[in-house]
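Structure at a glance
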Amino acid sequence: MRWEFVDENSAISTTTRKRIRSHVARGKNAGRTCRRPPRLSSVGDKPSSFQVPIIIANAHAVAVDRDRDLACHLERPITNGLIFPVELAPQTRIIAEKVLDFLRDLRGAPELFHIVEEPNAPLIWVQYMFLDEAYLHSVLATSFTLIPGLVSEKDKAAETLRHLSRTLRLINDRLSGVNATSDDTIAAVVGMVHYERHQGQFGRALVHTRGLRQLADLRGGVRGLSSELSMKIFLCDLECSFQLGCDTLFSAEDVDAMSMETARNDLGSRIAIGWACSQHIDPYLLILFRHGLGFALSYNDIGAGRRARLSYTAYYDMILSFGYRLMQVNPLQQRQPRIASHLDEVIHLGLIAFLCAFIRRLDQEIADNQLLAKLLRSVADKIEAGSEAEEALLWALFVSTASVFRKNVPGWLASKARALIQSLGLRTWSHTLCLISKYPWVNALHDKPAQLFWLTIAPFYGSSGEMTDEMGDVIH
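Residues numbered from 1 in each chain as written. Predicted model: local features only at pLDDT ≥ 70, side-chain atom pairs only at ≥ 80, totals over all residues. Heavy atoms only, no water.

**Remarks on the overall build of the chain**
Along the backbone of the chain there are 19 helices and two strands. Going through the 476 residues of the chain one by one, you find that 46% of them count as buried. Entry remark: accessible area of the chain is about 25,700 Å², with carbon and sulfur atoms responsible for 52%. (Helix = DSSP H or I, 4+ residues; strand = E, 2+ residues; numbered from the N terminus. Buried < 20%, exposed > 50% of the residue type's maximum accessible area, 1.4 Å probe, protein only. Areas by Shrake-Rupley, 256 points an atom, 1.4 Å probe, with all protein chains shown as cover.)

**Topic: the pattern of salt bridges**
A complete count under the given rule lists 18 salt bridges for this structure. For the salt bridge of Arg204 with Glu196, the shortest nitrogen-to-oxygen distance reads 3.1 Å. With relative accessibility at 45%, the residue Arg204 sits in the partly exposed group. When the shortest N-O distance is used, the salt bridge between Glu239 and Arg197 registers 2.6 Å. Of the two residues, Glu239 sits in helix α10 (residues 227-244) while Arg197 sits in helix α8 (residues 183-198), which places them 42 residues apart along the sequence. As far as the burial class goes, Glu239 and Arg197 line up, both buried. (Salt bridge = Lys/Arg side-chain N within 4 Å of Asp/Glu carboxyl O.)

**Observations regarding the environment of Gln422**
In this structure, Gln422 sits in helix α17 (residues 411-424). Residues Gln422 and Ala458, 36 residues apart in the sequence, show an inter-C-alpha distance of 9.1 Å.

**Some words on the packing of helix α14 (residues 342-356) against helix α15 (residues 370-382)**
Between α14 and α15, whose axes approach to 10 Å, the crossing angle comes to 150°. Between α14 and α15 the crossing geometry is left-handed. When α14 is examined against α15, the residues His342, Glu345, Val346, Leu349, Ile352, Ala353 and Cys356 are found in contact with a partner set consisting of Leu372, Leu375, Leu376, Val379 and Lys382. When its residues are assigned to classes, the contact of α14 with α15 shows nine nonpolar, one polar and two charged. (Axes fitted to C-alpha atoms, helices over the stretch in contact; angles between N-to-C directions. Left-handed = near helix turned anticlockwise from the far one by under 90°. Contact = heavy atoms within 4.5 Å. Nonpolar A, V, L, I, M, F, W, Y, C, P; charged D, E, K, R; others polar.)

**Brief notes about the environment of Lys156**
Mapped onto the secondary structure, Lys156 falls in helix α7 (residues 153-175). Placed 12 residues apart in sequence, Lys156 and Phe144 show a C-alpha to C-alpha distance of 6.5 Å. Other than its neighbours up to four places away in sequence, Lys156 contacts Phe144 and Val151. At 3.1 Å, the side chain of Lys156 and the side chain of Glu153 are in polar contact. (Polar contact = N/O pair within 3.5 Å; in protein donor to acceptor, adjacent residues only side chain to side chain.)

**Focus on empty space enclosed by the protein**
Applying the stated criterion across every chain yields a total of five cavities of 30 Å³ or more. Here the second largest cavity is characterised by a volume of approximately 80 Å³. Considering the residues around the second largest cavity, the lining is formed by Glu239, Phe242, Gln243, Cys356, Ile359, Ile366, Ala367, Asn369 and Val404. Counting residues per element, the lining of the second largest cavity draws most heavily on α10, at three residues. Considered class by class, the residues forming the lining of the second largest cavity number six nonpolar, two polar and one charged. Viewed by domain, the lining of the second largest cavity spans two of them, domain 1 (90-258) and domain 2 (278-457), each represented by three or more residues. (1 Å grid on protein atoms, 1.4 Å probe; cavity = no way out; pocket = protein on both sides within 12 Å on 5 of 7 lines; lining within 4 Å. Points joined across faces, edges and corners; volume = space filled by probe spheres on them. Domains from an automatic or database assignment.)

**A short note on the confidence of the model for the chain**
Regions with low pLDDT should not have their predicted coordinates read in detail. For the chain, the mean per-residue pLDDT works out to 82, and 75% of the residues sit at or above 70. Low confidence marks residues 42-50, where pLDDT is under 50. Its contacts with residues over four positions away, or in another chain, come to eight contacts. Predicted confidence for residues 461-476 stays below pLDDT 50, and this span has 25 contacts to residues more than four positions away or in other chains. (pLDDT = per-residue confidence, 0-100.)

**What about the nonpolar core?**
Counting residues in hydrophobic clusters, the biggest one holds 135 residues, and the most contacted among them are Leu112, Tyr299, Ile347, Phe358 and Phe398. Among the elements that make up this core, the one with the highest residue count is helix α13 (residues 312-329) (12 residues). Each of domain 1 (90-258) and domain 2 (278-457) gives at least three residues to this core. With sequence-adjacent residues up to four places away left out, Phe358 is seen in contact with Leu112, Phe295, Tyr299, Tyr315, Ile319, Val442 and Leu445. (Core = buried A, V, L, I, M, F, W, Y, C linked by side-chain atoms within 4.5 Å.)

**Points about helix α12 (residues 283-303)**
Taking 1.5 Å per residue as the helical rise, α12 with its 21 residues ought to reach 30 Å, and the 30 Å between its terminal C-alpha atoms agrees with that figure. With 15 of 21 residues buried, α12 lies mostly within the body of the structure. A distance of 3.1 Å separates the backbone nitrogen of Tyr284 from a side-chain oxygen at the start of α12, and that oxygen is part of Asp282. Positive backbone phi, at 85°, marks Gly305, one or two positions downstream of α12. (Expected span 1.5 Å × (residues − 1).)

**Side note on the side chain of Asp237**
Here Asp237 shows up in helix α10. Here Asp237 sits buried without a salt bridge, and the closest side chain of opposite charge, Arg213, lies 6.8 Å off (N-O distance). Separated by 3.0 Å, the side chain of Asp237 and the backbone nitrogen of Leu249 make a polar contact. (Lys, Arg positive; Asp, Glu negative; His and termini not counted.)

Put into structure tokens, the structure is as follows:
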């Protein structure tokens with residue numbers, strides 16, 4: 001082995017150091033193979049480079065102009081990719097994501113999910129949560145009363161007020177600016193209507209709905225809006241009319257002009273009515289009665305698999321077209337002059353109770369309607385035994401158990417229905433169902449609550465065939 005001389009007094013060059021290390025390690029590394037990782041393997045571990053998204057660049061135009069030629073080297077974010085119109089605090093963002101998951105599902109009657117198709121794309125009312133700050137805050141304010149567990153009970157009122165006040169401030173600022181009649185402004189006001197209706201404050205909801213009418217007029221009329229915006233405005237208007245008994249702010253012609261489907265008011269034109277009292281009904285109300293029969297028949301055919309499912313837009317087009325025409329007959333607070341007889345009044349109120357079952361809140365519940373309940377009781381008190389309106393009244397009471405009296409059946413309704421069953425000689429549920437299904441009746445929606453109601457009020461029959469009470473005593 002050749003000797004190497006190292007002069008400790010002189011500087012050691014890089015070459016010398018390399019030779020020293022190689023010489024020292026020669027004995028230890030004898031027979032070993034040096035395995036180094038390929039240089040390309042470390043590329044995947046480096047953070048990727050990407051340009052700032054346009055939506056962020058526009059919000060920071062000055063900074064982007066200054067650094068236009070610079071690429072931002074940022075760590076790839078670990079997130080679900082949701083970009084809301086305003087930066088949210090971490091806890092608020094979690095709440096917003098929970099609300100979004102809640103709203104993604106089809107909002108409507110669960111009993112009809114096999115009849116109505118889900119929309120192919122996210123509804124515009126979900127999309128607006130990412131487009132407009134005022135609408136986002138209105139949805140959050142509404143959700144605190146609908147979705148349990150978003151915040152603690154002690155913080156619920158404060159959080160609701162915080163988002164609500166922010167919504168109102170943004171809307172007021174926008175109404176005084178250049179975007180007063182934009183789609184975003186209209187959507188935010190619709191959000192306020194939703195908030196009030198879920199609080200049961202339909203008087204305040206009507207104030208906002210009148211504001212929507214004014215905004216639509218400034219746009220050249222409701223026909224200048226998109227179909228989805230107009231549909232939501234019509235629903236707000238119709239529900240306020242049902243709840244408060246006032247005239248609608250829009251017309252059935254407006255609804256038909258904005259309809260996205262072919263569903264129209266000719267649904268019942270080919271329906272034959274095998275009902276002796278039909279000739280005693282107001283002619284226009286008879287047309288609506290046929291409309292209701294066709295409405296129900298289409299749902300029952302779909303439920304039985306005889307027809308294709310309804311699209312989401314056709315579902316609401318049918319509700320709106322039918323509802324507006326019912327209000328044209330007579331608003332609930334104005335029972336004259338069109339409603340001329342007790343039979344007309346029963347049919348009109350029964351059709352409204354029938355339709356109310358299709359108009360749901362975001363939590364799929366039906367809003368209480370004290371006015372309609374009061375009117376139903378009033379007309380029920382006027383119908384005497386043997387009246388031609390007995391059958392129609394029995395249908396109206398049973399159909400209301402799926403809407404107006406869905407949560408709680410009052411004692412007067414049970415007593416009146418029991419008396420009608422006795423007067424009409426109905427001994428079984430099948431006999432009762434056969435009679436009331438001659439009227440507008442959707443099996444998937446009305447059968448279950450009506451049958452449960454029957455079981456609570458149905459009289460008992462003794463061996464002699466006479467009607468008895470629970471103790472076996474004959475009812476005279």
